[in-house]
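Results of the structural survey
One-letter residues, chain by chain:
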Amino acid sequence: MRTFLLLTLCLTGLIARSQPQPYGWSNKSRLLPDKLRLLPVGLTLWHTNNPCVPVLEGDMYYWKHSTMVRAEVSDLELVEAGSFIWYDSTGWHPNMRYNPDEFADTFVCPQGKLQRGQTYTYPKNWRYGKQAYGGDALWYVIAKDRSGKLYKGYGLIETEGKPNAN
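Everything quoted here is computed from the prediction, not taken from an experiment.

With that settled, the discussion passes to the environment of Phe107. On the secondary structure map, Phe107 appears in the loop between helix H2 (100–106) and strand S7 (113–114). Sequence separation between Phe107 and Lys124 is 17 residues, and the spatial gap between their C-alpha atoms is 9.8 Å.

Next up, the structure:
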């Protein structure tokens with residue numbers, strides 16, 4: 001009975017380790033979270049100011065930056081957008097997630113339809129908090145063309161922990 005119990009515990013541990021991580025980054029030897037891997041790049045996504053340093057206003061720190069996205073391959077329709085954050089040694093964690101309606105409002109992109117070559121901007125994609133600490137965010141957009149083929153775009157924003165970090 002003791003051997004059976006020990007074997008069951010070992011198998012349970014192996015099965016648990018082989019399952020994808022709940023936050024979608026199962027292969028730590030690869031940079032991108034699972035949902036972004038293997039999709040072709042068809043959008044450009046970038047941030048300004050990047051790196052971004054905190055500014056103290058009253059009792060709050062603000063990391064003031066904008067996020068832009070542009071469809072490169074053709075006209076595309078948004079499927080999902082969002083970000084992962086990296087603030088400690090455990091790696092990427094899901095952060096924000098936008099559906100097409102939320103993206104349309106946030107990026108001023110009517111109906112989540114990205115016209116090829118047109119830049120859409122989230123003008124005040126600011127991080128804020130009572131404490132200044134560094135951390136990075138990987139923003140992404142997943143969109144599809146008329147045939148349903150999916151494309152990705154992604155960009156890293158570096159938020160620093162100290163004002164005027166140089």
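Text resumes after the structure shown.
With two bridges joining them, strand S5 (residues 76–86) and S7 adopt antiparallel strand pairing. Bridged to Leu76 within S7 is Leu114. The pairing of S5 with strand S10 (residues 135–144) spans nine bridges and is classified as antiparallel. Bridge assignment links Ile85 to a residue of S10, and that residue is Ala137. Strand direction decides the pairing type here: S5 and strand S6 (residues 92–98), joined by five bridges, are antiparallel.

Turning our eyes to something else, we now look at the sheet that holds strand S8 (residues 119–122). The strand order across the open sheet built from three strands is S1-S4-S8, with neighbouring strands paired in antiparallel fashion. Of all strands in the sheet, those with a lone pairing partner are strand S1 (43–48) and S8, marking the two edges. When strand polarity is set aside, the average angle formed by the axes of neighbouring strands in this sheet is 20°. Here strand S4 (residues 66–71) runs beside S8; their pairing, made up of four bridges, is antiparallel. Within S8, the residue paired with Arg70 across the bridge is Thr119.

The strand order S2-S3-S9 describes an open sheet built from three strands, whose pairing is antiparallel. Each edge of the sheet is formed by a strand with only one pairing partner; in this case those strands are strand S2 (55–57) and strand S9 (127–129). Taking the axes of each pair of neighbouring strands and ignoring which way they run, one obtains an average angle of 25° across the sheet. Pairing analysis gives three bridges linking strand S3 (residues 60–63) to S9, with the strands arranged antiparallel. The residue bridging Trp63 from the neighbouring strand is Arg127, located in S9.

Once that is clear, we can look at the nonpolar core. In this structure, Leu43, Val69, Phe103, Leu114 and Val141 are the most contacted members of the largest nonpolar core, which totals 23 residues. Within the residue set of this core, elements represented by two or more residues are S1, S3, S4, S5, S8, S10 and strand S11 (150–159). When residues in this core are grouped by element, the largest group, four residues, is from S10. In this structure, Val141 is in contact with Leu43, Leu45, Val69, Leu78, Glu80, Ala81, Phe103, Tyr151, Lys152 and Gly153, ignoring residues within four places of it in sequence. Judged by nonpolar contacts, the second largest core, of nine residues, contains Leu32, Leu36, Tyr140 and Ile142.

Quick notes on the rules
- Residues numbered from 1 in each chain as written.
- Predicted model: local features only at pLDDT ≥ 70, side-chain atom pairs only at ≥ 80, totals over all residues.
- Heavy atoms only, no water.
- Helix = DSSP H or I, 4+ residues; strand = E, 2+ residues; numbered from the N terminus.
- Pairing = 2+ DSSP bridges.
- Axes fitted to C-alpha atoms, helices over the stretch in contact; angles between N-to-C directions.
- Core = buried A, V, L, I, M, F, W, Y, C linked by side-chain atoms within 4.5 Å.
- Buried < 20%, exposed > 50% of the residue type's maximum accessible area, 1.4 Å probe, protein only.
- Contact = heavy atoms within 4.5 Å.

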